[in-house]
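Summary of the model geometry
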There are 2 protein chains.
Amino acid sequence: MQGVDPAWLPDGAFRPIGTRRTLIRGSGPLVDTVHGEVADACARFGGSVSREGSPEPYDLVLELTGPGDGEAFAFERGDGRTTVTASGGPGLLYGLFHVVRLGDTAFQGSHDREEHRPDVALRMLDHWDNVAVHPVMGQVERGYAGGSLFWEDGRARGELLGRVRAYGRLLAACGINAVAVNNVNVHETEARLLTDRIGEVAAIAAVLRPYGIRTHLSVTFAAPMVLGGLSTADPLDAGVRGWWARTTARVYGAIPDFGGYVVKADSEGQPGPFAYGRSHADGANMLAAALGPYGGTVHWRAFVYDHRQDWRDRTTDRARAAYDHFVPLDGQFAANAVLQVKHGPMDFQVREPLSPLIGAMPRTRLAVELQATQEYTGQQRHVCWLGPMWSEVLRFRPEESAAVGELARGGLVAVSNVGDDPFWTGHPLAQANLYTFGRLAWEPGADPGRILDEWIALTFGPRPAAELHAVLDGSWRTYEKYTAPLGVGWMVQPGHHYGPSVDGYEYSPWGTYHFADRDGVGVDRSVATGTGYAGQYAEQWAEVYESPDTCPDEVLLFFHHVSYNHVLRSGKTVIQHIYDTHFEGVAEVERAREVWASLAGLMDPARHARVAERYEEQLRSAREWRDQINSYFLRKSGVGDAHGRRIY
Amino acid sequence: MQGVDPAWLPDGAFRPIGTRRTLIRGSGPLVDTVHGEVADACARFGGSVSREGSPEPYDLVLELTGPGDGEAFAFERGDGRTTVTASGGPGLLYGLFHVVRLGDTAFQGSHDREEHRPDVALRMLDHWDNVAVHPVMGQVERGYAGGSLFWEDGRARGELLGRVRAYGRLLAACGINAVAVNNVNVHETEARLLTDRIGEVAAIAAVLRPYGIRTHLSVTFAAPMVLGGLSTADPLDAGVRGWWARTTARVYGAIPDFGGYVVKADSEGQPGPFAYGRSHADGANMLAAALGPYGGTVHWRAFVYDHRQDWRDRTTDRARAAYDHFVPLDGQFAANAVLQVKHGPMDFQVREPLSPLIGAMPRTRLAVELQATQEYTGQQRHVCWLGPMWSEVLRFRPEESAAVGELARGGLVAVSNVGDDPFWTGHPLAQANLYTFGRLAWEPGADPGRILDEWIALTFGPRPAAELHAVLDGSWRTYEKYTAPLGVGWMVQPGHHYGPSVDGYEYSPWGTYHFADRDGVGVDRSVATGTGYAGQYAEQWAEVYESPDTCPDEVLLFFHHVSYNHVLRSGKTVIQHIYDTHFEGVAEVERAREVWASLAGLMDPARHARVAERYEEQLRSAREWRDQINSYFLRKSGVGDAHGRRIY
């Protein structure tokens, strides 16, 4: 793609293959994709590729051994030949990209046979893309990378085959196998993608299919009314069920491998089953029934809470809402209904505890939703590599028996951070989040630092690897340091969520409070004296979170209202921790900016310039965060900085 | 006008004239207007009207005695005949409306000859109306009464002759004689009103002219570049001056009685002379030179300040800005250049001290700008009659020698609160602000309570007069009570400015701070220890404002940062004053709502319902203000309410 950043698939990544002799065995659309990739590389670098076996010696054999659509593959090397075998087309494709990642190493020495298969079957990106530009949210809701890859001026883009194909290739290369192509807030125009505009979705699906990616669609629960002209959307109404059955049949007529529906119902103003006295299980199961005959799945989002709360009412706790709404429904959801749960109880703050819903619904398939788009983490103007946060989430064990990555039987989902920006993600370094998500979804227990190095090596080559690792590895903790402290969250500008506003959500209807007063700060969510939220966890964690003495520092203010003089495990008081981390965070950004400046000349100048420019904004913004937060708490607490630094 | 509220000119207001015999002497367009008004009334009520004198007995004689365009008139009654004489058409028209206001009283007993003439020559409304709907500000910037009266869908309205004519009539009936028809923030579409779209302005002018109203236009300083294709807008450049001269000649060709230009330059992002190293006087005088040959005036706004201030920098004080910018230019402005000054130093907060610029530029013609549109005073969802505030402003004496009303030699201007709403002003009771402005502009020393009674009698008739007076008279002080205390201002939601957000403008670039901490609140603007702003006043006031001991309570926090325990003249502490006024303010709204409910049946049901509905919102909003402000200061100060009322 002319003018588009190659991201983690630069030409050079294919040199080790493209300079060698490859044999491809088997047939089918994804084998054709594999062949095309290798043939392109050979055309560039002088190697050769054959299909079916003439007897010459090969450096690489890519062999499809079965008729399935499995994703597993085996890799080995012996007798001077590297072999990838898979029983399904997707497996062969993933095997190819495994070889790409290994580079020359794949062709050196010998490698024992390794079997690779994803730990999580569904590895999905949700695009919050609007078809028609929304007057407030724009083309992409919470998008920080330009317009939509899929939609422009109210229609599917004309040049789908170019940009979207390149996108599918990047996704396959990091293991993503599902994409929902429109915003979960389904507005009027977007609703029609389900019916008379399904052809546009089919066109996108056709471009993504060769890369093993199934297409999903966000739909509105009110579709039978707004599209079907029915007088109800009651999920138990026979007419409604019939409408969904017929509509879904037509969807599969257009897209035989359609993935399914994504639904945000009874949430932030979206319609849902509550209007008919029905449960979320009733709603989800109705759609599951329509999708079932075709192998489709409904992803029903658990992001349900009262967004018209009264800040005066301290008995309502938004953090409790998902658990309170959904745990009673455990066991009631159909087998092809997946409950999609945000990883934290609130909404993608820089630090949250795990949602207590995860692990609490053993008879329900859960998908865990992460947010690659940096809504609350710097909006792709700040470097904030989320790998460590996601890894902490996925390795967390709500109960001894299983980690989150294992409990997410319904899949791992990330809200996409991609748009039509030439660098895909606005901030070129935000590509690392997309890549890391895909690789962690494949293997939730993987070391995120290793994934980061993989991404750096593919994207930048060997030269600036150490410096880039240093810049990115700690960037999430740096961001946390200069923004909201100790898990309290929500100290952001209302609406757009960029930049500090300590009281911005304090007297709001959104259920987002910190209760800072002259004596202390934080939300008492204990069972003994607070909202009881801590009691939603399994016993071991409930006990840990219940007391400020055992609660981890990093989420202390999420669970407890403590005095500014409360001493943390670090030995510092809360107020001194606030000051120290905010000064440290800015200093870390200053250092990272210098490191970046030192890398000029080691990469494409446009890429370097884009990042350098964003570092200026990040530093400005980090200083603003530091000064507002510190001034706010100095004014409130009256406690000066122990080190006498300037607080305005 | 069908479906449009008659406001202060209901049919009944003309009954005393329309049932009698009237003689009209003289000729000219405004005499025709007078004749039309009387003839309409007679057609409805059975009286008679003649022009030129047949010898029958008349109850009312309206006589133009000269060829001028003066606004004065004389009124007297003797020998059973009421006589209005004027040497100018506008005077005769104002005399007619004087008779309307008097009603039957005008025809009873005898009245000595009274001469009426306006104290202020220019009595103007500035409409902040956009032609093309602005993506953020909408059709009318800071408009709370629907769309624009003048503009719709990017063009002058088609039905100008209906609605705008009725508007002109209402304005004449309260004494307004000038209207600027477009927003001072002049965007791309609106810029062209000056040139190829002047015909649309001329059409509006033609409708307003019969009511003695001259039309003015807001223009962009950059017009020579954006419209004229010049490479500069430098006010000393001969080409630029020539462009303005030619353009202005064409304007007068289309509108011979055109009033002049309104300019917001070098303010909040608008272009201005600073870009060329020129002064505001250079800029204003260039336009004055272009307008001079035709008798036109430029209104140059003094609302110039740094809107990209750093909140950390306590040496910059936005309140100082207008004085600092303009006082050094005193004596440099042309005779037909008027410096238009907002009445307070900030921006139309519910309580501000007088702008120190007023009275400090004796060799400059100043216009004083008030804001009828209730941007910061409830946005026409709250009852807030501004008469007492404006009267305080106009009667204030910056020096012993003259009150503000006398110093405003360049006119009194209000930002209009009118739109295409059927009740003109959204909230029907907000009509009182429009009427009061007109009448105060005519006579700045008038008792506002008398004007209020006049408006009530004309609009509602005698029945609910006492109740309505009670509801309206204290409404500004009520609004002040439940919103920002003691002159501190700015505790509003950023952007739209509706509803409370105590820290909403605290860490912003707008120069709008309260500096509340755990010990106290307010801005030190003293000379001794603060920004020095207090020293911008003439000595007597500078001394008063300099010390918290002499500074009036109602602006105490504007001038001083004081402890929450500081004792006010009322004997209360600041913190207790905050609590008390906020509880009182809400209680006063509750009472007013009850009074209003008791008036059902005494007026048009639609009007009653509209107000009743707005009282619900006002009460909700007032409670929100009370609780947020009280909670904020309780959390910060730690001082409980002396009366133990509930603070959340």
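These figures come from a predicted structure and were not determined experimentally.

**Observations concerning the packing of helix α4 (residues 160-174) of chain B against helix α13 (residues 431-442) of chain B**
Residue and element names in this part refer to chain B. Put simply, α4 and α13 touch, their axes get as near as 8 Å, and they point 50 degrees apart. Taken together, the axes of α4 and α13 lie oblique to each other. Contacts between α4 and α13 involve Tyr167, Leu171, Ala173 and Cys174 from the first element and Leu434, Tyr435, Gly438 and Arg439 from the second. Looking at side-chain class alone, the contact of α4 with α13 contains six nonpolar, one polar and one charged residues.

**Some details on the sheet that holds strand β1 (residues 21-25) of chain A**
All names here are of chain A. The six strands lie next to each other as β2-β1-β3-β5-β4-β6, forming an open sheet whose pairing is mixed. Pairing within the sheet leaves two strands with one partner each, and these edge strands are β2 (48-51) and β6 (111-116). Here the average twist between neighbouring strands, direction ignored, is 15 degrees. When strand β3 (residues 60-68) meets strand β5 (residues 81-88), the two strands line up parallel, connected through six bridges. Looking at β5, one finds that Val61 is bridged to Thr83.

**Focus: the nonpolar core**
Note that soluble globular proteins tend to have their nonpolar side chains buried in a common cluster. Trp8, Trp244 and Tyr261 of chain B are the most contacted members of the largest nonpolar core, which totals 204 residues. Not counting the four nearest positions on each side in its chain, Trp244 of chain B is found in contact with Leu194, Val219, Thr220, Phe221, Ala223, Pro224, Tyr261, Met286, Leu287 and Ala290 of chain B. Counting residues in each nonpolar core, the second largest holds 203 residues, with Tyr261, Ala484, Ala534 and Leu557 of chain A among its members.

**With respect to the relation of the copies chain A and chain B**
Each copy superposes on the other: chain A lies on chain B with an RMSD of 0.0 Å after a rotation of 180 degrees and an axial shift of 0.0 Å. Those values place the two copies in the arrangement expected of a two-fold rotation axis. The share of interface residues of chain A whose copies in chain B are also at the interface is 100%, consistent with both copies meeting through the same surface.

**Considerations on the state of the cysteines**
All names here are of chain A. Here the structure, examined in full by the defined rule, presents zero disulfides over all chains. Left unpaired, Cys384 is separated from the closest cysteine sulfur, that of Cys174, by 18 Å. Exposure remark for Cys384: the relative accessible area of 3% places this residue in the buried category.

**Looking at the pattern of salt bridges**
Pairs can form between side chains of opposite charge whenever their charged atoms are close. Residue and element names in this part refer to chain B. This model, assessed by the stated rule, comprises 99 salt bridges over all chains. Put simply, Glu76 and Arg113 hold a salt bridge, and the shortest N to O gap is 3.7 Å. A residue pair is termed long-range when its members are at least 10 positions apart, and Glu76 in strand β4 (residues 73-78) and Arg113 in strand β6 (residues 111-116) qualify at 37 residues. Classification of Glu76 as partly exposed rests on a relative accessible area of 31%. Given the relative accessible area of 46%, Arg113 is considered partly exposed.

**A word on the UniProt feature "domain: Glycosyl hydrolase family 67 C-terminal" (unreviewed entry) in chain A**
The residues that UniProt annotates with the feature "domain: Glycosyl hydrolase family 67 C-terminal" (unreviewed entry) are residues 425-645 of chain A. A distance of 37 Å separates the end C-alpha atoms of residues 425-645 of chain A, which is 51% helix and 2% strand.

**Quick word on the sheet that holds strand β13 (residues 214-218) of chain B**
Residue and element names in this part refer to chain B. With parallel pairing, eight strands are arranged side by side around a closed barrel as β7-β12-β13-β14-β15-β16-β17-β18. Across the sheet, the mean angle separating the axes of adjacent strands is 25 degrees when strand polarity is ignored. Pairing geometry for strand β14 (residues 260-263) and strand β15 (residues 297-301), over four bridges, is parallel. Each bridged residue has a counterpart across the sheet, and for Tyr261 the counterpart in β15 is Val298.

**A word on the interface of chain A and chain B**
Counting residues at the interface gives 22 residues for chain A and 22 residues for chain B. Taken together, the two surfaces of chain A and chain B that pack against each other cover about 2,200 Å², and 46% of this comes from carbon and sulfur. Three residues stand out in chain A for area buried against chain B, namely Arg312, Arg518 and Arg635 of chain A, and they jointly supply 38% of the buried area on that side. On the surface where chain A and chain B come into contact, there are six salt bridges. A salt bridge links Glu624 of chain B to Arg312 of chain A; the shortest N-O distance between them is 3.1 Å. Across the chain A-chain B interface, the total number found is 19 residue pairs in polar contact (both at pLDDT 80 or more). Classifying every residue of the side of chain A that touches chain B by side-chain character gives six nonpolar, four polar and twelve charged.

**Section: the packing of aromatic side chains**
Residues and elements named next belong to chain B. Scanning the entire structure with this criterion turns up 62 aromatic pairs over all chains. Between Phe303 and Tyr305, the aromatic rings sit 5.2 Å apart at their centres with planes inclined by 55 degrees, giving tilted as the arrangement. Each member of the pair, Phe303 together with Tyr305, is buried. Residues Tyr479 and Tyr482 carry aromatic rings whose centres are separated by 5.2 Å and whose planes lie at 65 degrees to one another, so their mutual orientation is edge-to-face. Here the residue Tyr479 and the residue Tyr482 both occupy positions in helix α16 (residues 475-482), the gap between them amounting to three residues, near one helical turn.

**Focus: the packing of helix α8 (residues 238-254) of chain A against helix α9 (residues 280-291) of chain A**
All names here are of chain A. Packing of α8 against α9 brings their axes to within 8 Å, and their N-to-C directions diverge by 45 degrees. Considered as vectors, α8 and α9 are oriented oblique to each other. For the pair α8 and α9, the sense of crossing is right-handed. Residue-level inspection shows Val240, Arg241, Trp244, Ala245, Thr248 and Tyr252 of α8 in contact with α9, the latter providing Met286, Leu287, Ala289, Ala290 and Leu291.

**Quick notes on unusual backbone geometry**
Within the chain, Gln379 of chain A stands out as a residue other than glycine whose phi angle is a positive 50 degrees. Looking at the element boundaries, Gln379 of chain A is found in the loop between β17 (365-371) and α11 (387-395). With a relative accessible area of 4%, Gln379 of chain A lands in the buried category. Even without a glycine there, the phi angle at Phe515 of chain B is positive, about 55 degrees. Topologically, Phe515 of chain B is positioned in the loop between α16 and β19 (520-521). Among the residues examined, Phe515 of chain B registers a relative accessible area of 9% and is labelled buried.

**So, the environment of His35 of chain A**
Residue and element names in this part refer to chain A. Within the element layout of this structure, His35 appears in helix α2 (residues 29-45). Residue classification places His35 among the partly exposed residues on the basis of a relative accessible area of 22%. Put simply, His35 and Thr22 are 13 residues apart on the chain and 9.3 Å apart in space, counted from C-alpha to C-alpha. Each residue touching His35, except ones within four places of it in the same chain, is listed here: Ile24, Val49 and Arg51.

**A closer look at the domain arrangement of chain A**
Assigned domains of chain A: these are domain 1 (11-116), domain 2 (123-456) and domain 3 (480-523 + 561-637). Distance from the C-alpha centre of domain 1 of chain A to the C-alpha centre of domain 3 of chain A: 47 Å.

**Focus: the side chain of Gln536 of chain A**
Residues and elements named next belong to chain A. Along the chain, the position of Gln536 falls in the loop between β19 (520-521) and α17 (539-546). Among the residues examined, Gln536 registers a relative accessible area of 5% and is labelled buried. Within the structure, the side chain of Gln536 is placed 3.2 Å from the backbone oxygen of Arg320, a separation counted as a polar contact. Gln536 has contacts with Ala319, Arg320, Tyr323, Asp324 and Pro356, leaving out every residue within four places of it along the chain.

**A look at the pairing of strand β16 (residues 337-342) of chain A**
Residue and element names in this part refer to chain A. With respect to burial, β16 is a largely interior element, six of its six residues being buried. Burial along β16 is two-sided: the residues Ala337, Leu339 and Val341 and Val338, Gln340 and Lys342 are all buried. Relative to β16, strand β15 (residues 297-301) runs parallel, the two sharing four bridges. Bridge assignment links Trp300 to a residue of β16, and that residue is Leu339. Tracing the backbone out of β15, into helix α10 (residues 321-326) and back to the parallel element β16 gives a crossover that is right-handed. Note: β16 against β17, five bridges, orientation parallel. By the bridge assignment, Lys342 is partnered in β17 with Glu369.

**Describing the side chain of Thr377 of chain B**
Residue placement: Thr377 of chain B occurs in the loop between β17 (365-371) and α11 (387-395). Dropping the residues within four chain positions of it, Thr377 of chain B is found in contact with Val350, His382, Cys384, Leu386 and Tyr479 of chain B.

**Things to note about the environment of Ala222 of chain A**
Residues and elements named next belong to chain A. Position of Ala222 relative to the elements: it lies in the loop between β13 (214-218) and α7 (223-226). You can call Ala222 buried: its relative accessible area is 11%. Once the C-alpha coordinates of Ala222 and Pro55 are considered, the two residues, 167 residues apart in sequence, prove to be 61 Å apart. With residues near it in sequence (within four places) discarded, Ala222 still touches Ala233 and Pro271.

Reading the values: rules and limits
Residues numbered from 1 in each chain as written. Chains lettered and ligands numbered in written order. Predicted model: local features only at pLDDT ≥ 70, side-chain atom pairs only at ≥ 80, totals over all residues. Heavy atoms only, no water. Axes fitted to C-alpha atoms, helices over the stretch in contact; angles between N-to-C directions. Helix = DSSP H or I, 4+ residues; strand = E, 2+ residues; numbered from the N terminus. Parallel < 35°, antiparallel > 145°, perpendicular 65-115°, else oblique. Contact = heavy atoms within 4.5 Å. Nonpolar A, V, L, I, M, F, W, Y, C, P; charged D, E, K, R; others polar. Pairing = 2+ DSSP bridges. Core = buried A, V, L, I, M, F, W, Y, C linked by side-chain atoms within 4.5 Å. Buried < 20%, exposed > 50% of the residue type's maximum accessible area, 1.4 Å probe, protein only. Least-squares fit on C-alpha atoms with pLDDT ≥ 70 in both. Disulfide = S-S within 2.5 Å. Salt bridge = Lys/Arg side-chain N within 4 Å of Asp/Glu carboxyl O. UniProt positions renumbered as here; feature names shortened; annotations may be inferred. Buried area = accessible area lost by both parts, 1.4 Å probe. Polar contact = N/O pair within 3.5 Å; in protein donor to acceptor, adjacent residues only side chain to side chain. Phe/Tyr/Trp six-rings, centres within 6.5 Å; stacked < 30°, edge-to-face > 60°. Left-handed = near helix turned anticlockwise from the far one by under 90°. Domains from an automatic or database assignment. Right-handed = clockwise from strand over helix to strand, strands pointing away.

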